[in-house]
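Chain residues, written in single-letter form:
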Amino acid sequence: MVPSKKRTFAPKGMPLERKGSAPSPNGVREHAPGRVSTGVAGLDEVLYGGLVPQRAYLVRGGPGSGKTTLGLHFLTAGISYGEQGLFVTLGEPEEELCANAQALGFDLTDVHFLDLSPNSAFFTQMQTYDIFSPAEVEREPVTQQILERIQQLRPRRVVLDAMTQFRYLSTDAFQFRKQVLSLLRFLVEQGATVCFSSEESAAAPDDDLQFMADGVIHLQALSDTRVVTISKFRGSDFRGGTHAMRLTQRGMEVFPRLLPEQHTQSFVPDTLSSGVPELDELLHGGLERGTISMITGPTGVGKTTLGVQFMKEAAGRGERSVVYTFEEPQETLLRRCEALNIPVRSMVERGTLSVVPIEPLHFTPDEFARIVRQAVEQEHASVVMIDSLAGYRALLRGDDALTHLHALVKYLQNMGVAVLLINEVASITGEFQVSDIAASYLADNIVFLRYLELRGEIRRVIGVLKKRLSSFERTLRELELTRYGIKVGTPLTNLQGILTGRITSVEQSGKED
Amino acid sequence: MAASTYTILLVNYLPRNLELLAEHLGKEGYQTIGAGTYAAFDQALNVPSSIHGALVDISGFDSQIWRRCEQLRTAKIPFLVVSPQQSTAIQHASLSHGARSVMVKPLVIKELLGVIKSILAE
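Each value, and the rule that gives it
Here, residues in each chain are numbered from 1, in the same order as that chain's written sequence. Just so you know, chain letters begin at A and ligand numbers begin at 1, following the order they were written in. In keeping with the model being predicted, local features are shown solely for residues with a pLDDT of at least 70 and side-chain atom pairs are shown and tallied solely at 80 or more, while totals for entire chains, interfaces and linings include all residues. Put simply, DSSP H or I for four residues or longer makes a helix, DSSP E for two residues or longer makes a strand, and each gets a number counted from the N terminus. Exposure classification rests on a simple neighbour count of other C-beta atoms within 10 Å of a residue's own: a residue reaching 20 or more is buried, one at 12 or fewer is exposed, and one in between is partly exposed. C-beta atoms are placed from the backbone. Placing C-beta atoms from the backbone, we regard two residues as in contact once those atoms come within 7 Å. The pairing criterion is simple: DSSP has to find at least two bridges between the two strands. For helices, the fitted axis covers only the stretch in contact; all axes are lines through C-alpha atoms, and the angles between them, taken along N-to-C directions, range from 0 to 180 degrees. Start and end points for every domain follow an automatic or database-based domain assignment. Amino acids outside the nonpolar list (Ala, Val, Leu, Ile, Met, Phe, Trp, Tyr, Cys, Pro) and the charged list (Asp, Glu, Lys, Arg) are all regarded as polar, and Gly is one of them. Remark: nonpolar core denotes a set of buried Ala, Val, Leu, Ile, Met, Phe, Trp, Tyr and Cys residues whose joining runs through C-beta atoms within 7 Å. Just so you know how the angles are binned, under 35 degrees is roughly parallel, over 145 roughly antiparallel, 65 to 115 roughly perpendicular, and the rest oblique. Rotating anticlockwise by less than a right angle from the far helix to the near helix defines a left-handed crossing, while the corresponding clockwise rotation defines a right-handed one. The predictor rates its confidence in each residue with pLDDT, a number between 0 and 100. Multiply 1.5 Å by the residue count of a helix minus one, and that product is the helix's expected span.

A. Fine view of the overall build of chain B. A tally of regular secondary structure across chain B gives 5 helices and 5 strands. The order of α-helices and β-strands along chain B, N terminus first, is β-α-β-α-β-α-β-α-β-α. Expressed along its principal axes, the backbone C-alpha trace of chain B runs to roughly 35 × 30 × 30 Å. Here chain B holds 122 residues, and 31% of them are scored as buried. For chain B, restricting intrachain contacts to residue pairs at least 6 apart in sequence, the fraction spanning at least 24 positions comes to 60%.

This is the structure we're talking about:
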């Protein structure tokens, strides 16, 4: 059976890989219209396509926040677009910069450098001076060297690291402002897009540079994560708020905060069958695409298995599903499902199922959202399971996990994905409780599983509490996990009090009455 | 008298300071003689008639510098003392040993040129 979804992206959503950045036949890439790529895909997305060309942007942040790395991305991206780039370094020597860049995998062969950093000779008496201020001595030669190099190269991209060094070459704040403004104007008039960094501290704030720049990119290292924020971007809108950032062995990666309303996809809201007729009866057909279903119940009751059962049916139709497992190892999950006659290993081999273990405290919610987006937008996953909500909250870094989860599931909903949220409740028996973490408001559908003890035997029951898009069966049914698969029994009309944990048979209850 | 006809003795213990002073004064047409040690200072004073003015940076020198200042006064060479800090004691010592004025580092090039011009004109 062919999936009925129409995979057409709505124009307002931005796919993960921009088509405009693909190399042309001559090997030179093309920019998004009217934009200059920063070289960091996630940052381009935050900037709605990249920087506006021939403007000057301030990259600010503390030591080790990634300012120079972003500059390297910016220049090497320029090379891939056939644009000449110049790195003006006033702090870190060129050799050191190149060595560090090579360690991160940057190819700086075609990047030009103007090294204005002090050399070791300056430390010796031969170069030391105190008769005039640095502003009197250094400004002119530094300016002259920059002018000559720019006029000689005519670069389309310039990185100045760090502009704050010019503060020492100015006699006062007014002179500094005037010099910076005139330098930036000169560079822009020569056709360059400029990224300049600042070394901001409490003693030397960089507010003046923020006013002068056409855009401001803040890089911050928080206690357990790194973030990027844009506070100013003349001539363009941008994605507000903080976005997770990672500095890796490959440089900088930015994970834009997910805004669900910016991603839509037309789809037919048909129903996904479970493949178990009695379960489909309970759900009046199954679970609809583009809905969020919470499968809730105590530990070991069969929540994950039930979710994978829907994936098995989706695989039969050639659709792809992904399980993000926060607690259970991949192998355990596969073995357990195989034992219940769900052929997960062959599903994995055929590419209709991916089981993705999420390492504890490794990702931020924004990073996780990007992983999920890749599965949906590039691998066309149509069923996504998050196993479990408690794991998501506990194992992702950063605060406000529930807000991020809300955005993620709404995104999946907009993209027509059937979302399965596995929710574990602490109580094994006793009074019924939908969820321990007040997340049930996220769900369009709530399927609950419970243990019941009947004549000294632990049994399982399944019921539906909520279904937004259709009616559903109000009765409870027995659920069995057997080596032949999931079995759902007939409605348990002869029992009552299952949800309160005080079960009596209806006949017995009648006799007592 | 044109600036190119004036020779100025520069006394400074830092070679880079001497270079910078020579560069800026040279741009204005002055000829300069650099002295980074007492020996070089004494050698320059052997032919006092060739020197029209002096700029003595006292940083890095001990109290013997004042004896050389006296020699400049005796030779009727107008000179300025450059001090690393604003100090009444240094100002007093400088003026009492014949300095025309005392300037505090870092100097402003334009101001320095103005002062040199005025003392040479006297």
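The rest of the description comes next.
B. Up close: the overall build of chain A. Within chain A, the secondary structure is distributed over 15 helices and 22 strands. The proportion of buried residues among the 513 residues of chain A is 42%. Partitioning the contacts of chain A with sequence separation of at least 6, the portion at a separation of at least 24 is 70%.

C. Structural context of the sheet that holds strand β1 (residues 7-11) of chain B. Residue and element names in this part refer to chain B. The strand order across the open sheet formed by 5 strands is β2-β1-β3-β4-β5, and the pairing between neighbours is parallel. Lying at the two open borders of the sheet, with one neighbouring strand each, are β2 (31-35) and β5 (101-104). Between one strand and the next, the sheet's axes are offset by a mean angle of 20°, whatever the strand orientation. One ladder, built from 5 bridges, connects β1 with β2; its direction is parallel. Bridging from a neighbouring strand, Ile8 pairs with Thr32 of β2. Lying over the sheet, helix α1 (residues 15-27) contacts β1, β2 and β3 (53-57), oriented at roughly 170° with respect to β2.

D. Quick peek at the domain arrangement of chain A. Residues and elements named next belong to chain A. Considered domain by domain, chain A is made up of domain 1 (38-257) and domain 2 (263-512). If you average the C-alpha positions of domain 1 and of domain 2, the two centres end up 49 Å apart. In this assembly, 8 residues from domain 1 lie in contact with 6 residues from domain 2. Per-element accounting of the side of domain 1 that touches domain 2 gives the leading share, 3 residues, to strand β8 (residues 242-248).

E. Up close: the interface of chain A and chain B. Facing the 11 residues of chain A at the interface are 13 residues of chain B. Residues of the side of chain A that touches chain B, tallied by class, amount to 5 nonpolar, 4 polar and 2 charged.

F. Representation of the nonpolar core within the structure. Residue and element names in this part refer to chain A. Among the nonpolar cores identified, the biggest contains 71 residues, and Val383, Val384, Leu412, Val417, Val419, Leu420 and Leu421 are the most heavily contacted of them. Each residue touching Val383, except ones within four places of it in the same chain, is listed here: Leu272, Phe310, Met311, Ala314, Glu319, Ser321, Val417, Ala418 and Leu420. In this structure, Val88, Val158, Val159 and Val216 belong to the second largest nonpolar core, which totals 56 residues.

G. Structural view of the packing of helix α12 (residues 365-377) of chain A against helix α14 (residues 401-414) of chain A. Residues and elements named next belong to chain A. Across the interface, α12 lies against α14 with an axial gap of 10 Å and an inter-helix angle of 15°. It follows from the interaxial angle that α12 and α14 lie roughly parallel. The element α12 and its partner α14 pack so that their crossing is right-handed. Contacts between α12 and α14 pair Pro365, Ala369, Val372 and Val376 from the former with Ala401, His404, Leu408 and Leu412 from the latter. Broken down by class, the residue content of the contact of α12 with α14 amounts to 7 nonpolar, 1 polar and no charged.

H. Representation of the environment of Ala75 of chain B in the model. Residues and elements named next belong to chain B. Residue placement: Ala75 occurs in the loop between α3 (64-74) and β4 (79-83). Exposure remark for Ala75: the 15 C-beta atoms within 10 Å place this residue in the partly exposed category. Residues Ala75 and Leu45 lie 30 residues apart in sequence; the distance between their C-alpha atoms is 8.5 Å. The contacts of Ala75, once residues within four sequence positions are left out, are Leu45 and Pro48.

I. Spatial organisation of the environment of Lys467 of chain A. All names here are of chain A. Mapped onto the elements of the fold, Lys467 is located in strand β18 (residues 457-467). For Lys467, a count of 22 C-beta atoms within 10 Å corresponds to the buried category. Note: C-alpha distance between Lys467 and Val447 (20 residues apart in sequence) is 8.8 Å. With residues near it in sequence (within four places) discarded, Lys467 still touches Leu283, Asn445 and Phe472.

J. Representation of the sheet that holds strand β4 (residues 157-161) of chain A. Residue and element names in this part refer to chain A. Spatially, 9 strands are ordered β3-β2-β4-β5-β1-β6-β7-β8-β9 in an open sheet, and the strand pairing comes out mixed. Every interior strand has two partners, whereas the edge strands, β3 (111-115) and β9 (251-255), have only one. Put simply, the sheet's adjacent strands are angled 25° from each other on average, direction ignored. Of the strand pairs in this sheet, β8 and β9 are connected by 5 bridges, and their pairing is antiparallel. Bridge assignment links Thr248 to a residue of β9, and that residue is Gly251. Most of the contacts of helix α2 (residues 67-80) go to β4, to which it runs at about 165°, and overall it touches β1 (56-61), β2 (85-89), β3, β4, β5 (193-198), β6 (215-221), β8 and β9.

K. Layout of the confidence of the model for chain A. All names here are of chain A. A residue-level look at chain A finds 87% of positions with pLDDT of 70 or above and a mean pLDDT of 86. Within the model, pLDDT remains below 50 along residues 1-15, and this stretch shows 27 contacts once partners closer than five positions in the same chain are excluded. Contacts for the low-pLDDT stretch residues 17-23, under 50 throughout, to residues beyond four places or in other chains number 9 contacts.

L. Focus on the pairing of β8 of chain A. With 4 bridges connecting them, strand β7 (residues 226-233) of chain A and β8 of chain A associate as antiparallel partners. Looking across to β8 of chain A, one finds that Val228 of chain A is bridged to His243 of chain A.

M. Highlighting α14 of chain A. All names here are of chain A. When the terminal C-alpha atoms of α14 are compared, their 20 Å separation across 14 residues agrees well with the 20 Å that a helix rising 1.5 Å per residue should span. Where α14 is buried, its residues contact β12 (292-297), α12, β15 (381-387), α13 (389-395) and β16 (418-424). Backbone geometry just downstream of α14 places Gly416 in the positive-phi region, at approximately 80°.

N. Quick peek at the pairing of β18 of chain A. All names here are of chain A. In terms of strand pairing, strand β17 (residues 445-454) meets β18 through 10 bridges, oriented antiparallel. When the sheet's bridge partners are listed, Phe448 is paired in β18 with Gly463. Counting the residues in the hairpin turn of β17 and β18 gives 2 residues, including Arg455, whose phi is positive at 50°. Examined bridge by bridge, β18 and strand β19 (residues 477-482) share 3 bridges and lie antiparallel to one another. Along β19, the bridge assignment pairs Ile462 with Arg477.

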